[in-house]
Amino acid sequence: AIPVACRPVEIDGVAYYDGGIADAIPVEHTLEEGCDKVIVILSKPRDYVRKPQGMRPVYSRVCRRYPKIVEAIDQRHITYTKTQKKVFELEKEGKAFVFAPSQHIKVGTYSMNEETERELYDLGLQDYSKMKEQLQAFSPVISRWRQCISSATSEDAPKASAFLPSMAPWIYSFRSHASFRTEKS
């Protein structure tokens, strides 16, 4: 659930919002879980700079019962930039492989524009095609995904969508994140 757009999701009496609010690129969590290499799939190009969230009066009011969410939204651009730098450091150390769109395509979180989404999908396929050998060298496990991705076309979008989101979520502008607990304290 995205603050303002959605109500928190309640699980066992605890309210949760989208974990991307607190950690849009959960690479630290992955490393803490014991991974020594990570594949990071960014939904924006490498030079993207996240700006402070607009409409603070709106989200502050809507999320007033969840001050930690308001604080996380306020800090989101700072957290993103810090994590982005960490990802690029890991990449230089050979511990991360980073996929990012090679071009800027204007698409918002709530985009429903089929043409723009198809453009992103096609860009994701093109970018993967250019980087697949590097990716396979980084992580041999990726080989089993190679066939479904390299043979996919934009007409295959519905069929390939079962496989592609795990490799290139920017194709659809979706992001999956761990849930962020909305404690009231």
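Parameters and conventions
- Residues numbered from 1 in each chain as written.
- Predicted model: local features only at pLDDT ≥ 70, side-chain atom pairs only at ≥ 80, totals over all residues.
- Heavy atoms only, no water.
- 1 Å grid on protein atoms, 1.4 Å probe; cavity = no way out; pocket = protein on both sides within 12 Å on 5 of 7 lines; lining within 4 Å.
- Points joined across faces, edges and corners; volume = space filled by probe spheres on them.
- Core = buried A, V, L, I, M, F, W, Y, C linked by side-chain atoms within 4.5 Å.
- Buried < 20%, exposed > 50% of the residue type's maximum accessible area, 1.4 Å probe, protein only.
- Helix = DSSP H or I, 4+ residues; strand = E, 2+ residues; numbered from the N terminus.
- Contact = heavy atoms within 4.5 Å.
- pLDDT = per-residue confidence, 0-100.

Caption draft 1: Expanded view of empty space enclosed by the protein. Counting across every chain of the model gives 1 cavity of 30 Å³ or more. Lining the largest cavity, in full, are Gly20, Ile21, Ala22, Asp23, Ala24, Arg76, Thr79 and Tyr80.

Caption draft 2: Layout of the nonpolar core. Counting residues in hydrophobic clusters, the biggest one holds 12 residues: Ile25, Val27, Val38, Val40, Leu42, Tyr80, Val87, Phe88, Leu90, Ala96, Val98 and Ala100. Looking at this core, the elements with two or more residues in it are strand E3 (38-41), helix H3 (67-92) and strand E4 (96-99). At 4 residues, H3 tops the list of elements feeding residues into this core. Residues within four places of Ala96 in sequence aside, it is in contact with Val38, Val87, Leu90, Glu91 and Phe138.

Caption draft 3: Molecular detail of the confidence of the model for the chain. Predicted confidence across the chain gives a mean pLDDT of 76, with 73% of residues reaching 70 or more. Between the elements of the chain, mean pLDDT differs from a low of 34, seen in strand E5 (residues 180-181), to a high of 93, seen in H3. Low pLDDT, under 50, characterises residues 157-185; the stretch is placed with 82 contacts to residues that sit more than four places away or in other chains.

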